[in-house]
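# Commentary on secondary and tertiary structure
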Amino acid sequence: MDMSKTERWWNDRSLAAAVVVGVVIRIIPVLVWLQWGCARDECTYLGLSKKIVAGEGMVASAGWLWAPGYPMIVSVHRWITGYGTTTKISQIIAAAVCTVLVYRIAARVWSDWDGPENRRVSRIAAWMYALSPHMAFFAISLWSEVLYGTLLLALLLMLDKSRAVLEKVDGKWIRSAAVVGVMAGCCVLFRGVATYMLPMFGIALLWRRVRLKQAWQQVAVMITAAMLTVAPYSMYISKKFDAFIVSDRTLGQMMWLGNNDFSPVTFDYGNGYLSKRAFGRHTKQGRKHCASRKAAIRRDTCETKAGKEWILANKMEFAKRMPLRVAQMMNPHSLMTRHLRWGGWRGLPQVVDEGLIVLQVLWSMVVMIGGSFALVARGRGSHGVLTGLILLYHVAAIAALAGLTRYRVPLEPLLMIYGAGLLSRPRQVWDALVSEKWRMWLCGLVMVWVIPLVLWFLPAGWPWWHSW
């Protein structure tokens, strides 16, 4: 069943309140702690923005060639204001847009719930996003996930609208597919991993419409628009580095981090190596880099090859590490825990720090466990299929490479949309689950994995309780 349109959503005062409250709780830390420094990739993005503004264009950094989307946005802010950190203001605006997008998509997903019930679940979804400590923290940090997540949500909404206008003869069904393609291309320019999501978008357009010629035409238009969006940058960067590049070259570095003789590396609090000294001591146990950090393309190529060779030579170890890496991503703590433990927001009483950490953990657990449960119990139609594919794809990518909590930031809003239905009408969601045996079996399988993986690193955020 496809999602239906939501009427007069802009008149909903609860949505407006969620947007305003979400903006306020995000902007206060920015105003109170104007300069709290940068950490790891944040510093890299700021460094890249300086070089781009200086006229060097997109360059590699420490052996990584990032996708250009986020560094370019930081560069635009630096060029306009003189400070790359002003990107946080745009991210707060993007978070407000996300609040609206989650509301609208939830209304379409739960469109069979009439009137007040539909509005209720949409409001819950919006407030889940607006008040999420996890989402709020990343909106005011210099990582790409919030802007990428906004783009992904907008794409999902536009894709559903593209399906809805398929049978019209006014040409909107072609134009909407082209817009979906442009958005998909922008996703690729933000994150190289998005390159392989194009077939999933195609599946969503074709879902239960395989025999319709127009549906196949939409897929063709979508793919063409995506390729045309990515092609100019791809040609530029490929020529600059004398190698074929779609948007980034980071696979080799990820292979080195996750498929090496040392255990998989992460940078979260309590289960990562946060200092350079600890990181260096840990990585000395494995193979050394096969090329200089200045030779990013050569390093990426040889590290990708070395990583594949390691997997083939250590098949059992590779398999054993897969749950660990997924658990690293699904850790209910996040880089917010690290930030608070490091005293990033100076002046807060310890009880407030602890309260924020607990709130973040509980919120993330409700989203990941509750959202997964509701998706299996109630997910249907093109959106349910596409959401499941996106989540499974990212889990598979993490399982094969390396895990970090910030990688799930664009995924949590997808689960909020379904988790809101569970919070709104748990009995109806349960009835949907038990009405079909295959859903019950699938739910059991999913929960057997999701719950232990979420709980795996739960103790890690508290120094006095590191393991079960």
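On a predicted model such as this, the values are computed, not experimentally measured, just so you know. (Residues numbered from 1 in each chain as written. Predicted model: local features only at pLDDT ≥ 70, side-chain atom pairs only at ≥ 80, totals over all residues. Heavy atoms only, no water.)

Each helix and strand counted, the protein has 20 helices and 0 strands in total. Compactness check: the protein gives a C-alpha radius of gyration of 22 Å against a globular reference of 23 Å for 468 residues, within 12% of the reference. In terms of overall dimensions, the protein has C-alpha extents of about 60 × 55 × 50 Å along its principal axes. Residues classed as buried in the protein amount to 57% of the 468 residues present. (Helix = DSSP H or I, 4+ residues; strand = E, 2+ residues; numbered from the N terminus. Rg over C-alpha atoms; globule rule 2.2 N^0.38 Å. Buried < 20%, exposed > 50% of the residue type's maximum accessible area, 1.4 Å probe, protein only.)

This part is about the nonpolar core. One finds Leu155, Met197, Phe201 and Ile390 to be the most contacted residues of the largest nonpolar core, which totals 134 residues. Top contributing element to this core by residue count: helix H7 (residues 145–164), with 11 residues. For Ile390, the contacting residues outside a window of four places in its chain are Leu152, Leu156, Met197, Met200, Phe201, Leu411 and Leu414. Ranked by size, the runner-up nonpolar core spans 8 residues in total, among them Val19, Val100, Tyr103 and Ala130. (Core = buried A, V, L, I, M, F, W, Y, C linked by side-chain atoms within 4.5 Å. Contact = heavy atoms within 4.5 Å.)

Bringing the packing of aromatic side chains into the picture now. If you walk through the whole model with that rule in mind, you get 14 aromatic pairs. Geometrically, the ring pair formed by Phe137 and Trp143 is tilted, given 6.3 Å between the ring centres and 45 degrees between the ring planes. Every member of this aromatic cluster is reached through a ring pair, and the members are Trp33, Phe137, Phe138, Trp143 and Trp345. The ring of Tyr148 carries Arg191 above its face, with NZ or CZ at 5.2 Å from the centroid. We note Arg425 situated over the ring of Trp113; from NZ or CZ to the ring centre the distance is 4.8 Å. (Phe/Tyr/Trp six-rings, centres within 6.5 Å; stacked < 30°, edge-to-face > 60°. Lys NZ or Arg CZ within 6 Å of the ring centre and 35° of its normal.)

Attention now goes to unusual backbone geometry. Here Arg40, not a glycine, exhibits a phi torsion of approximately 50 degrees, which is positive. Mapped onto the fold, Arg40 is located in the loop between helix H1 (13–32) and helix H2 (41–53). Its relative accessible area of 32% is what places Arg40 among the partly exposed residues. Phi is positive for Arg208, which is not a glycine, with a value near 60 degrees. Summarising the element assignment, Arg208 is placed in the loop between helix H9 (198–206) and helix H10 (213–241). What makes Arg208 exposed here is its relative accessible area of 68%.

Glancing now at the environment of His383. Tracing the backbone shows His383 in helix H17 (residues 381–400). Sequence separation of His383 and Asp160 is 223 residues, and the distance between their C-alpha atoms is 7.5 Å.

Time to look at the confidence of the model for the protein. Chain-level pLDDT for the protein is 90 on average; 96% of the residues reach the 70-or-more range. No element of the protein has a lower mean pLDDT than helix H12 (residues 276–283), at 79, and none a higher one than helix H4 (residues 87–109), at 96. Overall, residues 1–6 carries pLDDT values under 50, and its contacts beyond four positions in sequence, including any with other chains, amount to 22 contacts. (pLDDT = per-residue confidence, 0-100.)

Another aspect to go through is the pattern of salt bridges. For the structure shown, the criterion picks out 16 salt bridges. Taking the shortest distance from any N to any O, the salt bridge between Arg191 and Glu145 comes out at 3.3 Å. Taken together, the positions of Arg191 in the loop between helix H8 (172–190) and H9 and Glu145 in helix H7 put the pair 46 residues apart, joining distant regions of the chain. Residues joined by salt bridges that share partners form a network here, namely Asp41, Glu145, Arg191 and Arg406. (Salt bridge = Lys/Arg side-chain N within 4 Å of Asp/Glu carboxyl O.)

Running from N to C, helix H16 (residues 350–378) and helix H20 (residues 437–455) cross one another at 170 degrees; their axes reach a closest spacing of 9 Å. Between H16 and H20, the crossing angle belongs to the class labelled roughly antiparallel. Facing H16, whose interface residues are Met365, Met368, Ile369, Ser372, Phe373, Leu375, Val376, Ala377 and Arg378, H20 presents Arg439, Leu442, Cys443, Val446, Met447, Val450, Ile451, Val454 and Leu455. Grouping the amino acids of the contact of H16 with H20 by side-chain chemistry returns 15 nonpolar, 1 polar and 2 charged. (Axes fitted to C-alpha atoms, helices over the stretch in contact; angles between N-to-C directions. Parallel < 35°, antiparallel > 145°, perpendicular 65-115°, else oblique. Nonpolar A, V, L, I, M, F, W, Y, C, P; charged D, E, K, R; others polar.)

Under the definition given, this model contains 2 disulfides. The residue that forms a disulfide with Cys38 is Cys43, at a sulfur-sulfur distance of 2.1 Å. The chirality of the disulfide connecting Cys38 with Cys43 is right-handed, given an S-S dihedral of about 105 degrees. Note on Cys38: relative accessible area 37%, which makes it partly exposed. On the accessibility criterion, Cys43 (30% relative accessible area) is partly exposed. Through a disulfide, Cys290 is tied to Cys302; the S-S separation comes to 1.8 Å. Residues Cys290 and Cys302 share a disulfide whose torsion about the S-S bond is about 85 degrees; that sign makes it right-handed. (Disulfide = S-S within 2.5 Å.)

Turning our eyes to something else, we now look at the environment of Leu198. Its place among the elements puts Leu198 in helix H9. Residues Leu198 and Cys187, 11 residues apart in the sequence, show an inter-C-alpha distance of 9.9 Å. Those residues in contact with Leu198 that lie beyond four places of it in its chain are Ala184, Met222 and Ala226.

Together, Val20, Val24, Ile25, Ile28, Leu31, Val32, Leu34 and Leu131 make up a nonpolar patch on the protein surface, roughly 700 Å² of accessible area in all. Per-element accounting of the nonpolar patch gives the leading share, 6 residues, to H1. As for its placement among the helices and strands, Val20 is situated in helix H1. (Patch = residues over 30% accessible without salt bridge, like charges linked within 9 Å, V, L, I, M, F, W, Y side chains within 5 Å. Areas by Shrake-Rupley, 256 points an atom, 1.4 Å probe, with all protein chains shown as cover.)

Here we take up helix H14 (residues 315–330). The first and last C-alpha atoms of H14 sit 24 Å apart over 16 residues, in line with the 22 Å expected at 1.5 Å per residue. Most pronounced at Met322, the bend in H14 amounts to some 30 degrees, and the proline Pro323 follows within four residues. Within the sequence span of H14, burial applies to Phe318, Arg321, Leu324, Arg325, Val326, Ala327, Gln328, Met329 and Met330. (Expected span 1.5 Å × (residues − 1). Bend = angle between axes of the 7 residues up to and from the residue.)

Where empty space is left can be seen by rolling a probe of water-molecule size over the atoms. Volume-wise, the second largest pocket comes out at about 1,000 Å³. Contributing to the lining of the second largest pocket are 36 residues, with Val376, Gly388, Leu391, Leu392 and Val446 lying nearest its centre. When contributions to the lining of the second largest pocket are tallied by element, the ones reaching two or more residues are H14, H16, H17, helix H18 (412–424) and H20. Among the elements that make up the lining of the second largest pocket, the one with the highest residue count is H17 (10 residues). Residue composition of the lining of the second largest pocket, by class: 26 nonpolar, 5 polar and 5 charged. (1 Å grid on protein atoms, 1.4 Å probe; cavity = no way out; pocket = protein on both sides within 12 Å on 5 of 7 lines; lining within 4 Å. Points joined across faces, edges and corners; volume = space filled by probe spheres on them.)

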